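Residue strings, one per chain:
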Amino acid sequence: MFFASPEYLLLLLLLIPIVILLFLGNFIRRKQQRRFADLKLLKQLKPQVATWHRYLRNALSLLSLTFLVLALARPQLIRKKEVPRNEKGIECMMVLDISNSMLAEDIRPNRLEFAKLTMLRVMDHIGPSRIGIVVFAGAAYTHLPLTGDLASAKSFVQECNPTMISNQGTAIAPALLRAANSFSDRKDVGKAILLFTDGENHDSDAVDAAKEIASKNVKVFTVATGTTKGALIPFEGSYLKDNQGQTVLTKSNPQFCKDIAHAGNGIALSGSNVSSLSQHIIDELEKLPQAAMEGQTENNEELFGHFLAIAALLLFASFFVSFKKNKLFSKLNLFDR
C-alpha cells in the first residue's frame, strides 16, 4: 500500500498536541477532585462513574481522526496483471507544457490542470499501451520514460507543475525531439506524440522538428489549451508582470499548434470539455497500428473509502460510550473478588 497524497500525513502531527491536551485535562480534573476528597471517598461519591470509559471514548475519537487523515492521504493498492498476448497497444509520448502561461484560467480549472485531466482520461482508456512523459518550459526533460505501468504514469502526471523548471519559455522543438528519441526500435507498433500546449510563444524550430519526427513514422498530435481571447496569469497572490511592470495577458495560439500537427502528419485537437476532447484523442490513437504488449500492467485501487468508513464507525461507536458503569457488569463485581 502507498499514499497518493502523502503530504496530508503531516496532519497526524496535530494528534500529538491533542493527546497532550487530553492527558493534561484529565490530570487537572483529577487533581481538582482530590482537593475535596481522597480517591476512596470519590469512588463512593461516584459509584456509577467508570473512569476507563472516558479513556475509551478519547481513544476511539483519536483513532477516528487518524483514519480520516489517512483517507485524505489517498491510500492505494497496486494491482498487477499480466498482459494477455492478444491484447495490443501503442507507444505514446505525452509532451506537456508547464510554462507559467499554462496557469491562465481562461479554461477551467486552468490550462495546465485541464491538460493533465485530459491526459489522465486518455490513460484510463488507452489499454495496455506504453506511456512516457516529457515536460518543458524554457528547457525540456524526460519526466517518465516509456512504461506499461499506467498507475505510475498517472502519478507522474499529477506531479507536473511550473516549479519543476526554473527556466521559463517554450522549448517545443527540444521537447518533441526528446520524446521522439524515447521510442523503442519496434517497427510493428504505432507511435505517437501528444503535445499539450497553449502554443503562445513561437518556436520556429518546432515545425521542422515535427517534420523530422514524421519522417521516422511517428505521428505528432497537438492539443491546444486555452482561448484566443486570453487571460491573466495568477502569480504569488496577484498576476504575472513583465520586466516593464505590465500585467501579462497570455493568449492561446491554435494556428501554431495546427502547423506543428500538419508537419508531424498528425491532427490538431482542441476543446473545453475533458470528456469529449479525451475521447477524440483516443479515437485518433486507436487508428494507429496496434501490437502485442508483453509484461505486466499496474492499476491503483483507491482505498480511501474504506478508511473513511472505519473513521465513521469509530466516531459513531464513541458516541455510545457512556461514562456510567454498565449495570449488568457492575452487579457481577468481577474486580471485587
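Criteria and thresholds
- Residues numbered from 1 in each chain as written.
- Predicted model: local features only at pLDDT ≥ 70, side-chain atom pairs only at ≥ 80, totals over all residues.
- Heavy atoms only, no water.
- Buried < 20%, exposed > 50% of the residue type's maximum accessible area, 1.4 Å probe, protein only.
- Helix = DSSP H or I, 4+ residues; strand = E, 2+ residues; numbered from the N terminus.
- Pairing = 2+ DSSP bridges.
- Contact = heavy atoms within 4.5 Å.
- Core = buried A, V, L, I, M, F, W, Y, C linked by side-chain atoms within 4.5 Å.
- Expected span 1.5 Å × (residues − 1).
- Polar contact = N/O pair within 3.5 Å; in protein donor to acceptor, adjacent residues only side chain to side chain.
- Phe/Tyr/Trp six-rings, centres within 6.5 Å; stacked < 30°, edge-to-face > 60°.
- Axes fitted to C-alpha atoms, helices over the stretch in contact; angles between N-to-C directions.
- Arc of directions from axis to C-beta.
- Lys, Arg positive; Asp, Glu negative; His and termini not counted.
- Salt bridge = Lys/Arg side-chain N within 4 Å of Asp/Glu carboxyl O.

Caption draft 1: The pairing of strand β8 (residues 219-224), seen in detail. Extensive coverage of β8 is indicated by the burial of five of its six residues. Where strand β7 (residues 191-197) and β8 come together, six bridges link them in parallel fashion. For L194, the partnering residue across the bridge sits in β8 and is F221. Note that β8 and strand β13 (residues 268-270) share three bridges and pair parallel.

Caption draft 2: Expanded view of the environment of A214. Inspection of the secondary structure puts A214 in helix α7 (residues 204-214). Taking the C-alpha atoms as reference points, A214 and G264, 50 residues apart in sequence, are found 4.9 Å from one another. Residues contacting A214, with those up to four places away along its chain left out, are A263, G264 and N265.

Caption draft 3: Structural detail: the nonpolar core. Within the largest apolar cluster, 37 residues are counted, with the highest numbers of intra-cluster contacts made by M94, L96, I131, L194, F196, I281 and L285. Broken down by secondary-structure element, the contributors of at least two residues to this core are β4 (91-97), α4 (111-124), β5 (130-136), α5 (150-159), β7, β8 and α9 (274-285). With seven residues, the single largest contributor to this core is α4. In contact with I131, not counting residues within four places along its chain, are C92, M94, M123, I126, L144, P145, L146, T147, L150 and A153.

Caption draft 4: Seen up close, α4. Spanning 14 residues, α4 covers 20 Å between terminal C-alpha atoms, matching the ideal 20 Å at 1.5 Å per step. Residues of α4 that are buried include every one of R111, L112, F114, A115, K116, T118, M119, L120, V122 and M123, and no others. Put simply, N110 is the residue that caps the front of α4, since its side-chain oxygen is 3.1 Å from the backbone nitrogen of L112.

Caption draft 5: View of unusual backbone geometry. Note the cis peptide between R108 and P109, where omega equals -5 degrees. Positive phi, normally seen in glycine, also occurs at E236, with a value near 50 degrees. Looking at the secondary structure, you find E236 in the loop between β10 (234-235) and β11 (238-239). Accessibility expressed as a relative area gives 73% for E236, which makes it exposed. Of note in this structure, N265 is not a glycine but carries a positive phi near 60 degrees. Assignment of secondary structure puts N265 in the loop between α8 (254-263) and β13.

Caption draft 6: The packing of aromatic side chains, seen in detail. Summed over the entire model, instances satisfying the criterion amount to one aromatic pair. A ring pair is formed by F67 and F307, whose centres lie 5.7 Å apart and whose planes are at 40 degrees; its orientation type is tilted. In this pair, F67 sits in helix α3 (residues 51-72) while F307 sits in helix α10 (residues 304-319), placing the two residues 240 residues apart along the sequence. Its relative accessible area of 12% is what places F307 among the buried residues.

Caption draft 7: Molecular detail of the sheet that holds β13. Within the open sheet, the six strands sit side by side as β6-β5-β4-β7-β8-β13. Their pairing is mixed. Where the open sheet ends on each side, the last strands, each with one partner, are β6 (140-147) and β13. Put simply, the sheet's adjacent strands are angled 20 degrees from each other on average, direction ignored. Taken together, the seven bridges between β4 and β5 define a ladder with parallel strand orientation. Looking at β5, one finds that C92 is bridged to I131. Of the strands in this sheet, β4, β5, β6, β7 and β8 touch helix α6 (residues 172-180), which is tilted by about 155 degrees from β7.

Caption draft 8: Inspection of α5 at higher detail. Turning to α5, its buried residues are L150, A151, A153 and V157. The arc enclosing the buried residues of α5, seen along the axis, measures out at 160 degrees, which places them on a common side.

Caption draft 9: Representation of the side chain of D97 in the model. Residue position: D97 is located in strand β4. Buried charged residue D97 carries no salt bridge. Nearest counter-charge: R111, at 7.5 Å. Of the polar contacts made by the side chain of D97, one reaches the side chain of S99; its length is 2.7 Å. A distance of 2.8 Å separates polar atoms of two side chains, one belonging to D97 and the other to T197. Once residues lying within four places of it in the same chain are set aside, the contact partners of D97 are M102, L112, F136, T170, F196, T197 and D198.

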